[in-house]
Amino acid sequence: MGLNARWILELWGYRELVYFLAWRDVKVRYKQTVLGVLWAVLQPFFTMVVFTLLFGQFAKISTDGIPGPIFYFSALVPWIYLSTTVSNAGMSLVSNSNLLTKIYFPRIILPAAVALSNLMDFFIGSALFIGFMVYYEIPLGWSLFLWPSLVILLVLLSLSLGVFLAALNVKYRDFKYAIPFAIQLLLFATPIIYPASMVPEKFRWLVALNPLSGLIEAFRYALVPSRAIDWELLWLSIGITAVLFVAGVAYFKRAEKVFADIV
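In short, a report on the structure.

Topic: the overall build of the chain
For the chain, the helix and strand inventory stands at 14 helices and zero strands. For the chain, the N- to C-terminal ordering of α and β elements is α-α-α-α-α-α-α-α-α-α-α-α-α-α. For 263 residues, the compact-globule estimate of 2.2 N^0.38 gives 18 Å, and the C-alpha radius of gyration of the chain, at 19 Å, lies within 12% of that figure. By the burial criterion, 47% of the 263 residues in the chain qualify as buried. In the chain, 81% of the contacts between residues at least 6 apart in sequence involve partners at least 24 apart. For the chain, the accessible area works out to roughly 13,900 Å², and carbon and sulfur atoms hold 70% of it.

As structure tokens, this is what we get:
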């Protein structure tokens, strides 16, 4: 049995630890809070309101015929999940340095637990889509069955970036300042405020190289059965996500040997 197979089996053996750490993160997040789980809805909702007014009403940026609130909210929910997961996963090893130096467990469990715990906020925020679809009288379509697959791809992409940054952050501590800046830039490089169709043809390849672009567009059009999904963009996102996941995990495995010595 190869090393990769043994490593996967080892991770499976520690699955209960992943659930425990994920549940711990959830409890810590909502402990002694005023809004509690409502924050998972209010954050994307009020951001959507600002985007709808600022970019939809004032700037008149096209939404490809999709109602503004659905256009922005369907992109903001996965975006907030990715940005939060990448940020927290990138800091997960440093913030749990006491665990790294005391006991052994597969270190990738820490960023994986972050990705799992943030799914609760994602699903709570996603529940508001039901109200939007009822209000705008959008019928259920077969495209909605893509949603679970898109969630899995979103988790893999977030975890790919998170484990890579977590490993870098252990060795180079100034990365904790670069992560928020990079995420802010990614917001504007992803078709969240604008549709991908708005990008000039000669720059379309740059948008396609961002794996989040295909995911965001697919999340958006999965809710609106009258709109066609850009399968070419989505398949490219799937391919790039797969490459990033393999590369991120490989780098993490190579770097984790010295985590306890330098954390």
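Still to come is the rest of the account.
Thoughts on a nonpolar patch on the surface
The grouping of V50, L53, L54 and F58 at the surface amounts to a nonpolar patch, some 400 Å² of accessible area in total. Inspection of the secondary structure puts L54 in helix α3 (residues 39-58). Accessibility expressed as a relative area gives 40% for L54, which makes it partly exposed.

Brief notes about the pattern of salt bridges
Counted under the stated rule, the structure contains three salt bridges. Here D25 makes a salt bridge to R24, at a shortest N to O gap of 3.3 Å. A residue is classified by how much of its surface remains accessible, and D25, at 17% relative accessible area, is buried. For R24, a relative accessible area of 28% gives the class partly exposed. Here R204 ties to E201 by a salt bridge, and the two come within 3.7 Å at their closest N and O atoms. Residue class for R204 comes out partly exposed when judged on its relative accessible area of 28%.

What to know about the packing of helix α12 (residues 211-222) against helix α13 (residues 231-255)
Where α12 meets α13, the closest approach of the two axes is 7 Å, and the angle between their N-to-C directions is 135°. In terms of orientation, α12 and α13 fall into the oblique class. Classified by chirality, the crossing of α13 by α12 is left-handed. Across from P211, S213, G214, L215, E217 and A218 in α12, the residues of α13 making contact are L233, L234, S237, I240, T241 and L244.

Calculation rules
- Residues numbered from 1 in each chain as written.
- Predicted model: local features only at pLDDT ≥ 70, side-chain atom pairs only at ≥ 80, totals over all residues.
- Heavy atoms only, no water.
- Helix = DSSP H or I, 4+ residues; strand = E, 2+ residues; numbered from the N terminus.
- Rg over C-alpha atoms; globule rule 2.2 N^0.38 Å.
- Buried < 20%, exposed > 50% of the residue type's maximum accessible area, 1.4 Å probe, protein only.
- Contact = heavy atoms within 4.5 Å.
- Areas by Shrake-Rupley, 256 points an atom, 1.4 Å probe, with all protein chains shown as cover.
- Patch = residues over 30% accessible without salt bridge, like charges linked within 9 Å, V, L, I, M, F, W, Y side chains within 5 Å.
- Salt bridge = Lys/Arg side-chain N within 4 Å of Asp/Glu carboxyl O.
- Axes fitted to C-alpha atoms, helices over the stretch in contact; angles between N-to-C directions.
- Parallel < 35°, antiparallel > 145°, perpendicular 65-115°, else oblique.
- Left-handed = near helix turned anticlockwise from the far one by under 90°.

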